[in-house]
Structures are given as structure tokens and as C-alpha cells.
Amino acid sequence: MTILEDLPNLPYWSARDPARAPLDRDSSVDIAIIGAGFTGLWAAFYLAQADPTLRIAIIERDHVGFGASGRNGGWTSSIFPVSLDHVAKQYGRAAAVHLQLEMNETVDEIGRVIAAEGIDAQYVKHGFLSLARSRAQLARARAMVGSSSALGLPEQWRLLGAGQAADMIDASGVLGGLFTPHCAVVHPGNLVRGLARIVERMGVAIYEGTPATSFGAGEVVAPNARLDAKIVLRATEAFTCQFKTCRRLTVPIYSFVLATEPLPIATRERLGLTRRLAFNDLRHLRIYAQLAADGRLIFGGRGAPYHFGSKISPRYDVPGRIHAKIRHSMVEMFPSLRDLRITHRWGGALAVARDWYPAVGFDRDSGIAWAGQYVGDGVATSNLAGRILRNLILGRDEPINLLPIVNHKSPQWEIEPMRWAGVNAGIALAAMGDAEERFTGRPSQCARMLESITGGH
Ligand SMILES: Cc1cc2nc3c(=O)[nH]c(=O)nc-3n(C[C@H](O)[C@H](O)[C@H](O)COP(=O)(O)OP(=O)(O)OC[C@H]3O[C@@H](n4cnc5c(N)ncnc54)[C@H](O)[C@@H]3O)c2cc1C
């Protein structure tokens, strides 16, 4: 068995393009983007495509894909972190349905761009399977299908019986499952680096090793230079809370991933892991998995504590205890993989707003735009945000400008130490909810309590 602690903190998706130069002299552009992850790059891509005369610069503190975009599980999914029922209550049924349909369409839009631009992102769209492995999980699967049908989206999720679900993925204890075709998997590292090269070809400048120390109307300030810009886009996701003016907008929550050695073909065939499907089960503390193009299992999950003061540090990327729990979950799902070697482990922070809503917006008066707080579902949503930003900035009228995420204002997080206590209580309740359901087989009271705090998502 691999000793996880011996593995370095290295995403399986890592590879570095030659380093790009930092911004070392004052400069002036039309649009300055802070952050070279999916949000910043998709926005740059659609803006440059719509108006090739725009002068666009991206400044990145570390390197392209350093953040969540280069570390995620590669699900390119139509999942929205807030339940559609909740969106419908807040914004109306039509808006919730519109949002879901645009999320579905976004999965295909990403596939189209990858194909058109020739990015080696290993995009495959075979859908997403969420297995029900307890009676409580099965009840949740039924409720999910019922509520999306009641909203007018009967095709969004298909309820699977035990045999149908196990035929797709033969995990232990499968009682049924939920399937949606609206999900692809990608190699996120290749996608983020490929996008960066494409926007550069389109004339966008990318400066690496350049932290924005502050930003405001018309300017981004870096240690050795100032970037004047008519429009400034903040695309810094988990790191947003490090700006003095944004401390309570989002909290950084850590998520962790393991990659195994490639599975032998016979094992893949036995477990139904022949098609590159995104999958998990319906537990409360999310896990996520996909089969990479070379046959490795990529298996991730949450569960690490939130760090006081919204602190982010490379030290927090590899907590052995959480990676061991994730490995335990993988082996519990697939006991025959007990001796499979783990080759990579890593982690990273994602951003969560107080009401779990992603948001994208533009204030024409100040020229400041923003997008993010995708929870763990930003691979696709960042593309939708990029197209919305293009429209808002260039004044293009399109139906996506009316989606509930546009100019959505989340409440601020509590001040410390209440924030620390509340977020960690939420993480603990999710874990306790799963344990309770394993023990009783009934929907968890702990999880119900958590839903009443977070608003039902
Ligand atoms: C481990 C993990 C697994 C995940 N799995 C999935 C998944 O399977 N599917 C899914 O949809 N989503 C997943 N997510 C979430 C998804 O990866 C993110 O929502 C998405 O990548 C966010 O993209 P972004 O560009 O907004 O942010 P990021 O990729 O985090 O980019 C922000 C960039 O800003 C830079 N930056 C920060 N501060 C500054 C500054 N002051 N100056 C200059 N630059 C700065 C950072 O270095 C970083 O490169 C996962 C996230 C994690 C951490």
C-alpha cells in the first residue's frame, strides 16, 4: 500500500509552459483581468473573439492554472450548486429552468470550443452518474427526479434501478442511481494551458508572477507596476477574500484529489469503468471521480476543516488524514482496488458565498467586473460566466444576461470567530449526516439541520 504522505503535492494534471514574464512597467489596456484560471481566460477568449481590437491583459500571481482550474476533478458538468427548487423560490420557476438549460448548453459549448481550437483537453461527454448506495441516498435520488420533473425538466435526470446503475459502474452496495447526459470530463490542466495559448494568439497579454496587491476603478496595482484599464475583472475565486475589500464575500473551502496508477483493462471491464463517465454517490460530503484518458482513476472529495481567517496556504493542500479518508472511500466503493498504487495527491481551495450562489456581474459606473464563487462546480460555469461578461462589458443583449447568477448579491460571511465556528460546524454536520445515514438507513437529521442553515442546497 502506498504511503500517501510520501507523495509530493502535485496535481496529476500539472505541466508547465515556459514561464511568462511578469508585468514590470506601468501600462495601459482596455481590460485588465486578475487571475489566469478558467474565469479570466474564458472571459478573455470571448471578449477578444467579439472585438479583436480590444487591448486585454491578464495578470496572474503565480502561473496559468495555478488555482482550482489546474487542480480540479475535471467534471465539466451542468450541476448548479444551489438546488433548482431553491433558485425557483428566489427567482421564479422560469428563471430556474432557464438556468439549467443554459448550464446544459454550456457543457456542449466547451466541447465545441475545444474541438474548434484543437485543444488537447481529452473532452468526452458520456454524462454523470450519481450512485445511490443506501436507502437514504435512494430516497434523495427519487426526490431529485421528482423535483426536476415538477419544475418542467423531466429529461434532466433519469432514475436508475440497481441493475441499471451497477451495469454502468459496478461499485459496492449499489441500490440505484441518478443519471444525466449533461456532463463531460476533461483534462483540466491541458484545457487551462491550451486556453492561455489561444488567447495569447488572439493578442491577449498574460503576465505571470505578478500579484495584484489592490485594484479599483480604472487600475490594478502590482508590486512593480500599475495597470491602467477602463475595465477591471476580478477572477481570483478562492483567493478573492485576500483583497481587503472582499474579505467577507467568500470563504475558501479545500477539496482534495488522488490519482491512481492506470487500471488494468480487465479491471476496468469488470467494474464498468470502460467509458469516461463522471461519477460519485449521493453522500452529503461530496466525492467525485472520473477515469482519465490513460485509465487512471481520479478520485476526490471534501472534508478538511476551514482555516481561521480564511487562510490559504500550500501547507493545507496535502493533509494526509483527508487523503487517507478519500482513499478509504475509493476502496469502500471498489474493494478490488485495495492494492492499486496511488501515484499523485493534491488539493486546492474553492470559493463559497454565504448563500452558495455563483455570481457574475459588471458595474458600468466603476468599470469593475467579477465572476466566481462556483463552490465545486466552476469548470462549466466559468465558461457561462465568460460569455455573460463579454455581453455585459460590450453591451450585447442576450438571454443569458438575465440568468439568476447575473449581478446576484450574496450576503456577507460572518466575522470571525463566528465564521470559523459556522463553516466548520457545516462541514462536520455533512460528515455526521453520512455516518447517520449509513447507520440508520434513513435520511439524516444532521443533514436536514445543515440544509436549514445553508438554505436547502
Ligand atoms: C480540488 C478541486 C476539485 C474541483 N473539482 C471540480 C470539478 O470536478 N468540476 C468543477 O466544475 N469544478 C471543480 N472545482 C472547482 C473549479 O475548479 C473552480 O470553480 C474553477 O476552476 C474556478 O476557476 P477560476 O478561474 O475562477 O479560479 P482559479 O482557477 O482559482 O483561478 C484564480 C487565479 O487567480 C490567481 N490569483 C489569485 N489572487 C491573485 C492576485 N492577487 N493577483 C493575481 N493573480 C491572483 C490565482 O493564482 C489563480 O491562478 C474543483 C476545485 C478544486 C480546488
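Above: the structure in question.
Starting from 1, residues in each chain are numbered consecutively following that chain's sequence as written. With the structure being a predicted model, the display of local features is reserved for residues of pLDDT at least 70 and the display and counting of side-chain atom pairs for 80 or more, all residues being used for whole-chain, interface and lining totals. Side-chain calculation: all heavy atoms of the structure are included, whereas hydrogens and water are not.

A.B. asks: Would you explain the overall build of the protein chain in this entry?
C.D. replies: Where helices and strands are cited, they refer to DSSP runs of H or I of at least four residues and of E of at least two residues respectively, numbered from the N terminus. The helix and strand tally for the protein chain stands at eleven helices and 18 strands. Each radius of gyration reported is based on C-alpha atoms, and the globular scaling rule is 2.2 Å times the count of residues to the power 0.38. Here the C-alpha radius of gyration of the protein chain, 21 Å, is about what a compact globule of 457 residues would show, namely 23 Å. Its C-alpha atoms give the protein chain principal-axis dimensions of roughly 60 × 45 × 45 Å. Buried, partly exposed and exposed residues are distinguished by accessible area as a fraction of the type maximum, computed with a 1.4 Å probe on protein chains only: under 20%, between the cut-offs, and over 50%, respectively. Each of the 457 residues in the protein chain was classed as buried or not, and the buried ones make up 60%. Residue contacts are counted whenever heavy atoms from the two residues lie within 4.5 Å of one another. Considering only intrachain contacts with a sequence separation of at least 6, the fraction spanning at least 24 residues in the protein chain is 77%. For the protein chain, the exposed area adds up to about 18,300 Å²; of that, 55% sits on carbon and sulfur atoms. Separation between the mean location of the 50 positive side-chain charges and that of the 43 negative ones in the protein chain comes to 4 Å. Every accessible area reported is derived by Shrake-Rupley at a probe size of 1.4 Å, with residue values counting cover from the shown protein chains alone. The charge count includes Lys and Arg as positive and Asp and Glu as negative, but it does not include His or the ends of the chains. Working definition for charges: the position is that of NZ of Lys, CZ of Arg, CG of Asp or CD of Glu.

A.B. asks: What's the story with the pairing of strand β6 (residues 176-180) in this structure? I'm lost.
C.D. replies: Successive side chains on a regular strand alternate, one facing one side of the sheet and the next facing the other. The buried fraction of β6 amounts to five of the five residues, a majority that puts the element mostly inside the structure. The alternating pattern of β6 places Gly176, Leu178 and Thr180 and Gly177 and Phe179 on opposite faces, both of which are buried. Strand pairing requires that DSSP identify at least two bridges connecting the strands. Where strand β4 (residues 128-132) lies against β6, five bridges are found, and the strand directions are antiparallel. Paired with leucine 131 across the bridge in β6 is glycine 177. Bridge count between strand β5 (residues 158-161) and β6: four bridges; the pairing is antiparallel.

A.B. asks: Just checking my understanding: could you explain the packing of helix α2 (residues 84-91) against helix α3 (residues 93-117) for this structure?
C.D. replies: Geometry of a packed helix pair, given as the angle between the helix axes and the separation of the axes. With their axes 7 Å apart at the nearest point, α2 and α3 run at an angle of 135 degrees to one another. Between α2 and α3, the interaxial angle falls into the category oblique. Every pair of crossing elements has a handedness; the one defined by α2 and α3 is right-handed. For the pair α2 and α3, contact is made by Leu84, Val87, Ala88 and Tyr91 and by Arg93, Ala95, Ala96, Leu99 and Gln100, respectively. Helix axes are fitted only over the stretch in contact, all axes being lines through C-alpha atoms; the angle between N-to-C directions runs from 0 to 180 degrees. Orientation labels follow simple angle bins: below 35 degrees gives roughly parallel, above 145 gives roughly antiparallel, 65 to 115 gives roughly perpendicular, and whatever is left gives oblique. Should the near helix be turned anticlockwise from the far one by less than a right angle, the crossing is termed left-handed; should it be turned clockwise, right-handed.

A.B. asks: Honestly, helix α6 (residues 188-201) in this entry has me stumped. Any pointers?
C.D. replies: In an α-helix there are 3.6 residues to a turn, and that puts residues three or four apart on one side. Here the expected length of a helix is defined as 1.5 Å per residue gap, with one fewer gap than residues. In this model, α6 (14 residues) spans 20 Å end to end at C-alpha, consistent with the 20 Å of a helix rising 1.5 Å per residue. The buried count for α6 comes to eleven of 14 residues, which makes it a mostly enclosed element. Glycine 203 sits one or two residues past α6 and shows a positive phi near 105 degrees.

A.B. asks: Sorry if this is basic, but what is going on with the pattern of salt bridges here?
C.D. replies: Think of a salt bridge as a Lys or Arg side-chain nitrogen and an Asp or Glu carboxyl oxygen that are within 4 Å of each other. Evaluated as defined, the whole model comprises 23 salt bridges. The residue arginine 133 makes a salt bridge to aspartate 281 at a minimum N-O spacing of 2.7 Å. With a gap of 148 residues between them, arginine 133 in the loop between β4 and α4 (135-151) and aspartate 281 in strand β13 (residues 278-281) connect regions that are remote in the sequence. Residues arginine 133 and aspartate 281 agree in their burial class; the two are buried. Within this structure, Asp17, Arg20, Arg197, Glu200 and Glu208 form a network of salt bridges that share partners.

A.B. asks: Explain the site of the ligand to me, please; I cannot follow it from the model alone.
C.D. replies: Here a residue is considered near a molecule or strand provided that any single heavy atom belonging to it is located within 4 Å of it. Around the ligand, the structure places 37 residues, and the nearest of them are Thr39, Glu60, Ser69, Ala212 and Gly376. Counted as a polar contact is a pair of N or O atoms within 3.5 Å, where, for protein atoms, one must be capable of donating a hydrogen and the other of accepting one, and residues adjacent in sequence contribute only when both atoms are in side chains. Between the ligand and the protein, one listed contact pairs an oxygen atom with a side-chain N or O atom of threonine 39 at 2.6 Å. One of the backbone N or O atoms of valine 379 is found 2.9 Å from an oxygen atom in the ligand. Only α1 (38-50), β12 (250-260), β16 (342-353) and α9 (378-394) provide two or more residues apiece to the shell around the ligand. At three residues, the largest contribution of residues to the shell around the ligand is made by β16. Residues were grouped as follows: Ala, Val, Leu, Ile, Met, Phe, Trp, Tyr, Cys and Pro as nonpolar; Asp, Glu, Lys and Arg as charged; and all remaining residues, including Gly, as polar. Per-class residue counts for the shell around the ligand are 18 nonpolar, 14 polar and five charged.

A.B. asks: What should I look at first to understand the packing of aromatic side chains in this one?
C.D. replies: The description of two aromatic rings rests on the distance between their centres and on the angle between their planes. A pair of Phe, Tyr and Trp rings is counted when the ring centres sit within 6.5 Å of each other, with Trp represented by its six-membered ring. The angle between the planes then sorts it: under 30 degrees is stacked, over 60 is edge-to-face, the rest tilted. Per the stated rule, a full pass over the model turns up 15 aromatic pairs. Here the aromatic rings of tryptophan 75 and tyrosine 288 are separated by 6.2 Å at their centres, their planes lie at 80 degrees, and the arrangement is edge-to-face. Pair noted here: tryptophan 75 is in strand β3 (residues 75-77) and tyrosine 288 is in strand β14 (residues 287-291), with a separation of 213 residues, a long-range link. Exposure class is identical for tryptophan 75 and tyrosine 288. Each is buried. For the ring pair phenylalanine 279 and phenylalanine 334, a centre distance of 6.0 Å and an interplane angle of 85 degrees mean the geometry is edge-to-face. Here phenylalanine 279 is found in strand β13, whereas its partner phenylalanine 334 is found in the loop between α8 (320-333) and β16, with 55 residues between them in sequence.

A.B. asks: Sorry, what's going on with α1 here?
C.D. replies: The first and last C-alpha atoms of α1 sit 18 Å apart over 13 residues, in line with the 18 Å expected at 1.5 Å per residue. In terms of burial, α1 is largely enclosed, as eleven of its 13 residues are buried. Every buried residue belonging to α1 is among Phe38, Thr39, Gly40, Leu41, Trp42, Ala43, Ala44, Phe45, Tyr46, Leu47 and Ala48, and all of these are buried.

A.B. asks: Any chance you could explain the side chain of arginine 286 here in plain terms?
C.D. replies: Topologically, arginine 286 is positioned in the loop between β13 and β14. On the basis of relative accessibility, which here comes to 18%, the residue arginine 286 falls in the buried class. For arginine 286, the side chain forms a polar contact with the side chain of aspartate 377, separated by 2.8 Å.

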